[in-house]
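Understanding the architecture of this molecule
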Amino acid sequence: MSLEERAKATAKNIEGKAQEALGNVTGDPKDKAEGKTKQAEGEVRQGMEDIKDSVKKKLD
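Residues numbered from 1 in each chain as written. Predicted model: local features only at pLDDT ≥ 70, side-chain atom pairs only at ≥ 80, totals over all residues. Heavy atoms only, no water.

Before going further, it helps to spend a moment on the overall build of the protein. For the protein, the count of helices and strands is two helices and zero strands. Rg of the C-alpha trace for the protein: 14 Å, well past the compact-globule value of 10 Å for 60 residues, more than 25% over. Expressed along its principal axes, the backbone C-alpha trace of the protein runs to roughly 50 × 15 × 10 Å. By the burial criterion, 23% of the 60 residues in the protein qualify as buried. Counting only contacts in the protein whose residues sit at least 6 apart along the sequence, the fraction spanning at least 24 positions is 54%. Accessible surface, the protein: about 4,300 Å² in total, of which carbon and sulfur atoms supply 60%. Here the protein contributes 13 positive and 13 negative side-chain charges, whose respective centroids are spaced 2 Å apart. (Helix = DSSP H or I, 4+ residues; strand = E, 2+ residues; numbered from the N terminus. Rg over C-alpha atoms; globule rule 2.2 N^0.38 Å. Buried < 20%, exposed > 50% of the residue type's maximum accessible area, 1.4 Å probe, protein only. Contact = heavy atoms within 4.5 Å. Areas by Shrake-Rupley, 256 points an atom, 1.4 Å probe, with all protein chains shown as cover. Lys, Arg positive; Asp, Glu negative; His and termini not counted. Charge placed at Lys NZ, Arg CZ, Asp CG, Glu CD.)

In structure tokens, the structure reads:
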């Protein structure tokens, strides 16, 4: 629905991947876990936007 919200979700996913990669390089399990959490948050946000789009299409 909102291009801005989709961009934020994608940015959160990319941020999470980068943090997870950093954790893999440094061996820091906290960074790995936080990176995976951010990726999951990005996926949830993306899913919410998909649902909004679906509902909007059905209402139109």
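Our next topic: the UniProt feature "domain: CsbD-like" (unreviewed entry) in the protein. UniProt records the feature "domain: CsbD-like" (unreviewed entry) for residues 5–57 in the present numbering. A helix fraction of 96% and a strand fraction of 0% characterise residues 5–57, whose end C-alpha atoms lie 18 Å from each other. (UniProt positions renumbered as here; feature names shortened; annotations may be inferred.)

A full pass over the atoms with the stated rule returns 10 salt bridges. Two residues, Glu-4 and Lys-8, come together in a salt bridge whose shortest N-O distance is 3.6 Å. Note that Glu-4 and Lys-8 are positioned in helix H1 (residues 3–26) at a spacing of four residues, about one turn of the helix. Exposure remark for Glu-4: the relative accessible area of 52% places this residue in the exposed category. Given the relative accessible area of 39%, Lys-8 is considered partly exposed. When the shortest N-O distance is used, the salt bridge between Lys-36 and Glu-20 registers 3.0 Å. Residue Lys-36 is located in helix H2 (residues 29–59), and its partner Glu-20 is located in helix H1; the two are separated by 16 residues in the primary sequence. (Salt bridge = Lys/Arg side-chain N within 4 Å of Asp/Glu carboxyl O.)

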